[in-house]
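Chain by chain, the residues run as shown.
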Amino acid sequence: MEKIIFHIDINAFFSSVEEIYHPELKLKPIAVCGFNKKAVISTCNYLARQKGVKSAMHADKAKELCREIIFIKPNYDLYKKTSDAFFALLKEYTKEIEIISIDECFMDVTELVFLSHNNPKILALQIQDNIFKKLNLPVSIGISDSKFFAKVASDLKKPLGIETLFRNEINEKFLPLPIDKFIGIGIAKIEILKSLNINTMNDLLNYQNQSKIQKIFGSYYQKIINTIKGNIEDNLLKTNKEFTKSISKSNTFCNLENDLERIDKEIIKIVEEIKETILQNKIEARTITITIKAFNFKKISKSQTFKTPINQNNLLAIARNLFLDIFENQEINYLSIGLSKLQWV
């Protein structure tokens, strides 16, 4: 039986949650961000996007584009509570869920589709309607036989969209898309490709462009080709029970930060989330990695590996020390802490 994978993504998640709890904002352009001079947009609703406002944009720039925009301070506890309710609702359909962020996941719905007259769109519409009725959350759902194409498909129709992108639809729906839609190619590489007049997936496959692209990506280019052609099998989900490689938690700041006190609070919060995860799933780790990212997208990481499993009571002290090893008072907008070399307790 061919696998059927859904990618479910909450549309403009933080903004959508704010509109639920503050319905007076529904018909106004809003953005979730900090309130100082260095504030950047975490997310914004679709009314703001129509004015050109985007995530990661400076708040001052957003105000220039949309004078009537309303800035809202993020409420992460509320977002976490809403996210938990979202995933709990999805687990009523199946336990075959791979959570990939606070507002999106993959679902293996192969057996459920069989019970829905073999029509995945009918099932997707039922799930979409149920989420909206019970949680007031708008979601888009991508449908495919692979995770990669399911995620691409969910991005094609927003908000409240449902789209398929099976392998037999690649030529029609995927190849004409701009290269920005390829998941896994970064912004810098996209700009280089565009400067070479390589603008679509078709251009990436064009034999005449291959030598130029090879110089940019090296051996990774073959993976890009195989992915575009649908030759890579990626329909196996990593459910919460399957921490086979690593676990990590992260936070993207609404403001650029170099204040040690505020950053330390985030380190404490992330470590507590990781401790909860390893306790719930009865796992332990020997390697801890901390990653920071500056606003210029430069990432810096440092890891430490131990001969024996890390005592969870020591996680915070280790994370703090690793952070101080790589922090040079630069402004950052991303912090991640991960554990690897895992084993079951």
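Note on numbering: residues in each chain are counted from 1, in written sequence order. Residues qualify for local features only when their pLDDT is at least 70, as the model is predicted, and side-chain atom pairs are given and counted only at 80 or more; totals for whole chains, interfaces and linings, by contrast, use all residues. Note that the side-chain values use all heavy atoms of the structure and ignore hydrogens as well as water.

Caption draft 1: Main features of the overall build of the protein chain. The helix count covers DSSP runs of H or I at least four residues long, the strand count covers runs of E at least two residues long, and both are numbered beginning at the N terminus. Check the secondary structure of the protein chain and you find 14 helices and 12 strands. For the protein chain, the C-alpha radius of gyration of 21 Å lies close to 20 Å, the compact-globule estimate for 345 residues. Taken over the C-alpha atoms alone, the protein chain extends approximately 55 × 50 × 50 Å along its principal axes. Here the term buried applies to any residue with accessible area under 20% of the maximum for its type, exposed to any over 50%, and partly exposed to those in between, with areas from a 1.4 Å probe on protein chains only. When the 345 residues of the protein chain are sorted by exposure, 47% land in the buried category. Two residues qualify as a contact provided that any one of their heavy atoms is within 4.5 Å of a heavy atom in the partner residue. Restricting the contact set of the protein chain to residue pairs at least 6 apart, pairs at least 24 apart contribute 63%. Put simply, the protein chain shows about 18,400 Å² of open surface, and 50% of that area lies on carbon and sulfur atoms. Atoms counted for the radius of gyration: C-alpha only. Globule rule: 2.2 Å times the number of residues to the power 0.38. The Shrake-Rupley method, run with a 1.4 Å probe sphere, supplies the accessible areas, and residue values consider only the shown protein chains as cover.

Caption draft 2: Representation of the packing of aromatic side chains within the structure. Side-chain rings of Phe, Tyr and Trp (the six-membered ring for Trp) are treated as a pair once their centres are within 6.5 Å; stacked means planes under 30 degrees apart, edge-to-face means over 60, and tilted covers the remaining angles. Tallied over the full model, the rule gives 10 aromatic pairs. Taken together, a centroid distance of 5.6 Å and an interplanar angle of 50° make the contact between Phe13 and Phe14 tilted. Residue classification places Phe13 among the buried residues on the basis of a relative accessible area of 2%. Relative to Tyr79, the ring of Phe14 lies with its centre 4.2 Å away and its plane at 10°, an arrangement referred to as stacked. With Phe14 in helix H1 (residues 13-21) and Tyr79 in helix H4 (residues 76-90), the pair connects residues that are 65 residues apart, well separated along the chain. Tyr79 carries the same exposure label as Phe14, and that label is buried. Two conditions define a charge located above a ring, namely a distance within 6 Å from the ring centre to NZ of Lys or CZ of Arg, and an angle within 35 degrees of the ring normal. In this structure, Arg49 packs its charged tip against the face of Tyr46, placed 4.6 Å from the ring centre. Between Lys293 and the ring centre of Tyr334, over which it is positioned, the NZ or CZ distance is 5.2 Å.

Caption draft 3: Representation of helix H12 (residues 220-228). Every buried residue of H12 is listed here: Tyr221, Ile224, Ile225, Thr227 and Ile228. What you see down the axis of H12 is that its buried residues fit within an arc of 165°, all on one side. In the core, the buried residues of H12 are packed alongside helix H7 (147-154), helix H8 (170-174), helix H10 (201-205) and helix H11 (210-217). Remark: Gly230 follows H12 within two positions and exhibits a positive phi of approximately 75°. Here the arc refers to the directions that run from the helix axis out to each C-beta atom.

Caption draft 4: View of the packing of helix H9 (residues 187-195) against H11. Working convention: axes come from line fits to C-alpha atoms, limited for helices to the stretch in contact. Angles between N-to-C directions cover 0 to 180 degrees. Orientation of H9 relative to H11, taken along the N-to-C sense of each, is 155°, at an axis distance of 11 Å. Taken together, the axis directions place H9 and H11 in an arrangement best described as roughly antiparallel. As H9 runs across H11, the sense of the crossing is right-handed. Residues Lys189, Ile192 and Leu193 of H9 touch H11, and the partners they reach there are Ile213, Ile216 and Phe217. Roughly parallel refers to an angle under 35 degrees, roughly antiparallel to one over 145, roughly perpendicular to one between 65 and 115, and oblique to any angle outside these ranges. In this scheme the handedness of a crossing depends on how the near helix is turned from the far one: anticlockwise by less than a right angle means left-handed, clockwise means right-handed.

Caption draft 5: View of the pattern of salt bridges. Any Lys or Arg side-chain nitrogen found within 4 Å of a carboxyl oxygen on Asp or Glu counts as a salt bridge. Tallied over the entire structure, the rule returns 16 salt bridges. The partner of Asp108 in a salt bridge is Lys3, with the nearest N and O atoms 2.7 Å apart. Linking Asp108 in strand E6 (residues 104-108) with Lys3 in the segment before strand E1 (5-10), this pair joins segments that are 105 residues apart in sequence. The exposure class assigned to Asp108 is buried, which follows from its relative accessible area of 11%.

Caption draft 6: Focus on the nonpolar core. Side-chain atoms within 4.5 Å link the members of a nonpolar core, which is a set of buried Ala, Val, Leu, Ile, Met, Phe, Trp, Tyr and Cys residues. In this structure, Phe6, Ile8, Phe86 and Leu90 are the most contacted members of the largest nonpolar core, which totals 30 residues. For this core, the elements supplying multiple residues, two or more each, are E1, H1, H4, E6, helix H6 (120-135) and strand E7 (139-144). Counting residues per element, this core draws most heavily on H4, at 6 residues. With sequence-adjacent residues up to four places away left out, Ile8 is seen in contact with Phe86, Leu90, Asp103, Glu104, Cys105, Met107, Ile127, Ile131, Val139, Ser140 and Ile141. Grouped together as the second largest cluster of nonpolar side chains are 26 residues, Val271, Ile290, Leu335 and Leu342 included.

Caption draft 7: Region of the structure containing the sheet that holds strand E4 (residues 70-72). Strands qualify as paired when DSSP identifies two bridges or more between them. Here 3 strands make up an open sheet; going across it, the order is E3-E2-E4 and the pairing mixed. Looking at the sheet topology across the chains shown, the edges are occupied by strand E3 (41-44) and E4. Within this sheet the neighbouring strands show an average axis-to-axis angle of 30°, counted without direction. With 3 bridges connecting them, strand E2 (residues 30-33) and E3 associate as antiparallel partners. Residue Ala31 lies in a different strand from E3, and its bridge partner there is Cys44. In this fold H1 packs onto E2, E3 and E4, with an angle of close to 115° to the strand it touches most, E2.

Caption draft 8: Here's a closer look at the packing of H11 against H12. Relative to each other, H11 and H12 sit at 120°, their axes nearing to 8 Å. Taken together, the axis directions place H11 and H12 in an arrangement best described as oblique. For the pair H11 and H12, the contacting residues are Gln210, Ile213, Gln214 and Phe217 in the first and Tyr220, Tyr221 and Ile224 in the second. Residue polarity is assigned by list, with Asp, Glu, Lys and Arg as charged and Ala, Val, Leu, Ile, Met, Phe, Trp, Tyr, Cys and Pro as nonpolar; anything else, Gly included, falls into the polar class. In terms of residue class, the contact of H11 with H12 is made up of 5 nonpolar, 2 polar and no charged.

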